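Analysis of the macromolecular model
Here is what each chain is made of, one letter per residue.
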Amino acid sequence: MRYSIRKALTHFRYYFFTYLSVILEYAVGVAIAAVCFNLLLSCNDKLKEVEKALSEDVLQVTYWGQTDEWAISPDLMVEVRRDADIGAKQEMIYVPYVSWGFSIPDEEWRNVYVMFPTKEDYEKLVGESREEKIYVGSIVEEYLVELEKISKDSKKIGFFYSNLLEWNEGTLWLGQQTIAGKDTAEMEIEEVEVVLNKPFKLVSQAEQFSLQECIILPPEYMSLLENGRNVGKDAIVLLPTNSERSDMQAVGKLLQRLAEGNEELHFEVTSQLVALRKSASDLTAEYQDLVYVSVSILAIVMLGMTGVFIILLQKRRNGVAISLAYGATKLQVFGELFLEVFFVFGIGGFIGMFVATKVSPKVVIEALEVVASVRFEVVVAVLLCTFFETLVVCLFSVQAVKSRTLVETLRQTHR
Amino acid sequence: MIRVENMTKIYGAEQVQTKALDGVSFQIEEGEFVAITGKSGCGKSSLLHILGGMDMQTSGHYFFEETEVNKLSDKEMAEFRNRKIGFVFQAFYLLEEFQTLQNIELPLGYSGWKSGKRRKRAMELLQLVGLSHKGRNHPSQLSGGEQQRIAIARAIANYPKLLLADEPTGNLDKENGERIMELLKRLNKEGLTIVMVTHDLELAKEASRIIHISDGKIV
Ligand SMILES: Nc1ncnc2c1ncn2[C@@H]1O[C@H](COP(=O)(O)OP(=O)(O)OP(=O)(O)O)[C@@H](O)[C@H]1O
Ligand SMILES: [Mg+2]
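Here we summarise the structure given alongside this text.

Procedures and definitions
Residues numbered from 1 in each chain as written. Chains lettered and ligands numbered in written order. Predicted model: local features only at pLDDT ≥ 70, side-chain atom pairs only at ≥ 80, totals over all residues. Heavy atoms only, no water. Helix = DSSP H or I, 4+ residues; strand = E, 2+ residues; numbered from the N terminus. Buried < 20%, exposed > 50% of the residue type's maximum accessible area, 1.4 Å probe, protein only. Contact = heavy atoms within 4.5 Å. Buried area = accessible area lost by both parts, 1.4 Å probe. Salt bridge = Lys/Arg side-chain N within 4 Å of Asp/Glu carboxyl O. Polar contact = N/O pair within 3.5 Å; in protein donor to acceptor, adjacent residues only side chain to side chain. Nonpolar A, V, L, I, M, F, W, Y, C, P; charged D, E, K, R; others polar. Near = heavy atom within 4 Å. Areas by Shrake-Rupley, 256 points an atom, 1.4 Å probe, with all protein chains shown as cover. Core = buried A, V, L, I, M, F, W, Y, C linked by side-chain atoms within 4.5 Å. Patch = residues over 30% accessible without salt bridge, like charges linked within 9 Å, V, L, I, M, F, W, Y side chains within 5 Å. Lys, Arg positive; Asp, Glu negative; His and termini not counted. Charge placed at Lys NZ, Arg CZ, Asp CG, Glu CD. Pairing = 2+ DSSP bridges. Axes fitted to C-alpha atoms, helices over the stretch in contact; angles between N-to-C directions. Expected span 1.5 Å × (residues − 1). Arc of directions from axis to C-beta.

Here the focus is the environment of A:Asn44. Looking at the secondary structure, you find A:Asn44 in helix α2 (residues 16-54). Of the residues examined, A:Asn44 reaches a relative accessible area of 29% and is grouped as partly exposed.

To continue, consider the interface of chain B and chain A. On the side of chain A, 26 residues touch chain B, which itself brings 32 residues to the contact. Both sides together, the interface formed by chain B and chain A hides about 2600 Å², and carbon and sulfur atoms give 61% of it. Considering only the side of chain B, the residues that lose the most area to chain A are B:Tyr93, B:Glu97 and B:Tyr110, jointly responsible for 31% of the buried surface there. Among the salt bridges present, the one from B:Glu97 reaches A:Arg316, with a minimum N-O distance of 3.8 Å. The interface formed by chain B and chain A contains six residue pairs in polar contact (both at pLDDT 80 or more). Put simply, the parts of the chain that give the side of chain B that touches chain A at least two residues each are α1 (44-51), α2 (74-83), β6 (85-88), α3 (100-110), α4 (115-128) and α5 (144-156) of chain B. Of the residues that constitute the side of chain B that touches chain A, the class distribution is 15 nonpolar, nine polar and eight charged.

So, on to the environment of A:Leu391. Counting through the fold element by element, A:Leu391 comes out in helix α8 (residues 376-401). Separated by 53 residues in sequence, A:Leu391 and A:Phe338 place their C-alpha atoms 6.8 Å apart.

A word on the site of ligand 1. Around ligand 1, the structure places 13 residues, and the nearest of them are A:Arg411, B:Ser40, B:Lys44, B:Ser45 and B:Ser46. Close to ligand 1, residues of chains A and B are found. A distance of 3.3 Å is found between an oxygen atom of ligand 1 and a backbone nitrogen or oxygen belonging to B:Cys42. In the environment of ligand 1, an oxygen atom lies 2.6 Å from a nitrogen or oxygen atom belonging to the side chain of B:Ser45. If ligand 1 stood free it would expose 640 Å²; the protein chains cover 69% of that surface.

Here we come to the nonpolar core. Counting residues in hydrophobic clusters, the biggest one holds 116 residues, and the most contacted among them are A:Tyr19, A:Met305, B:Leu51, B:Tyr62 and B:Leu184. Per-element accounting of this core gives the leading share, ten residues, to helix α7 (residues 330-359) of chain A. Residues within four places of B:Leu51 in sequence aside, it is in contact with B:Ile2, B:Val4, B:Phe26, B:Tyr62, B:Phe80, B:Ile85 and B:Leu164. If you look at the next biggest cluster of nonpolar residues, it comprises ten residues, including A:Leu40, A:Leu283, A:Val291 and A:Ile365.

Okay, a positive patch on the surface next. Taken together, the side chains of A:Arg2, A:Arg6, B:Lys114, B:Lys117 and B:Lys120 make up a positively charged region of the molecular surface. Listed by contribution, the elements that provide at least two residues to the positive patch are α1 (2-14) of chain A together with α4 of chain B. Its location among the elements puts B:Lys114 in the loop between α3 and α4.

A few words on the sheet that holds β6(B). Residues and elements named next belong to chain B. The six strands are arranged β6-β7-β8-β3-β9-β10 in an open sheet whose pairing can be described as mixed. Strands at the two margins of the open sheet, each flanked by one partner only, are β6 and β10 (217-218). In the sheet, β6 pairs with strand β7 (residues 162-166) via four bridges, with the strands oriented parallel. Looking at the pairing, Phe87 lines up with Leu164 of β7. Across the sheet, helix α6 (residues 174-189) lies against β3 (33-37), β7 and β8 (193-197), angled at about 150° from β8, the strand it touches most.

Here we come to α6(B). All names here are of chain B. Given a rise of 1.5 Å per residue, 16 residues ought to cover 22 Å, and the 22 Å separating the end C-alpha atoms of α6 matches this to within 8%. The complete set of buried residues in α6 reads Gly177, Ile180, Met181, Leu183, Leu184, Leu187 and Asn188. End-on view of α6: buried residues confined to an arc of 160°, all on one side of the axis. Counted as exposed and oriented over 90 degrees from the buried face of α6: Glu175 and Lys189. The inward-facing, buried residues of α6 contact β3, α4, α5, β7, β8 and α7 (201-205). One or two residues past the end of α6 sits Gly191, with phi positive at roughly 115°.

Here it is as structure tokens:
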């Protein structure tokens, strides 16, 4: 095997300039194909995301673009899952924590509370994992637990409980996390009196204030709201609450606009999603054509290499026969040829992939906020394609050149 | 060492059959230097190819050290060619892509020698054929006689039991031909069994035995 690699390398070096054009062609083919596929897959992901959001189960609002007043951070994403049903049987609202970019400074950890809808839920969670799952930033994907920062005299609190609206003041089960050091966490359960003293307000596109300070409600509850407006079925309502955070400015602005009764503040999720779906699928179709082009390039390169290799092999007939005469098996010889072609396509593919990784991130579709990021699937596909092209080229060329027997080959080259 | 019994070789399909070998039987003992002569087309190369494990006889038996060669599998056959046989061709057949040293290393590579050992052996052989200074050259940079000496070095690299040479001097002038003969005789003296095909009766006389073939038969 080692010897075969060495031999293939020697051949490859010897014929390098013959192969150079094929290497470059393949590199170009791979680069174009990889960028196209990256983009296509990214678009497709976007499309899926939108489709998913449009389906009943998950309602998802992604903010992008820019409003007059606020620049929007792209990672801000709200997910509202209405059918979430883990632990508690009640219908709940789930806001994944990670999306908020929320963090609590170390010294404030002892003031972190975890709120549970029922005592059973609390016990279930704490019973399952005492240490890790309950502190900030680690839990929310799995458990419908919402963390909220409560200062000693706090009057604000976040809720996730669906009976929220019927509930004005009363008892919630709170687990208080008393943290001595970072590593030891203990939960004590206690009853806490919570008084809700803020009226609900309807806002939308609340990009720049922290969602941590909002209560997020499904639209079904809107009609119950004191000043509930004509909100579409899938609208999201964000309620800003007071906070010391700097984005309170934004909240203030929102509140002000609300007070003015500004109609724009209605934010229809669904219509926007539908528009997005359309442009995403349009683009997907457009890039599909490019994909055909790049795949054709790859196929043509394969044909070209087959031609080159057939001619080379005809020239090298006796080399093959000699190897056989001196003890190589047919498989070994085929392996050497395979390796040689693989070097050609491998180097071409490597260059192509390298170019693609540099180019892809620069290909951006602004309307969709899609970047043709380098995809693992595409890397794998290029590898497979390289392997496949190598195999086809070898099989074809060897078939085209081979004689019936070793002796015939020797006699043939003798003439 | 070699026993050939009633060997025939028939080429071609039913209509146009050529009988290259017609019931050939002979034995060759270890250490012999046998010359095979006969006029063109009488089946010398055919015989040599079969002896070298590169072709199959149509009927008859070929024993090499009591192993019946045509019963070997493809893989064993490759190994047989690799370890037991060294073949020298009239047209040298060196690989142009490789330097002479690498050419000599060819059978060793397929025999699984490590590269260091391989190189050492190849150097040794270069010295033996008197071309130490040409190790880095490619075959096309050598004269015909030099190329044939390299080819012989390659043929004996893996310590074969039997060296088969098909008109090794056929493409060379008299002087170079004689040098090759010298080399072969020296190798034979060191114990290598050699079977050489030649047209040249004078060269044949230098062998320890002559087998004459005519129309596929030994006469
Ligand atoms: N593949 C083949 N198909 C048909 N006939 C063949 C084939 N190979 C060889 N022959 C015939 O077999 C006969 C013996 O050929 P071979 O090459 O053994 O002769 P040779 O004694 O080596 O001749 P030369 O001295 O010219 O090299 C010839 O008549 C040749 O035409
Ligand atoms: Mg011949």
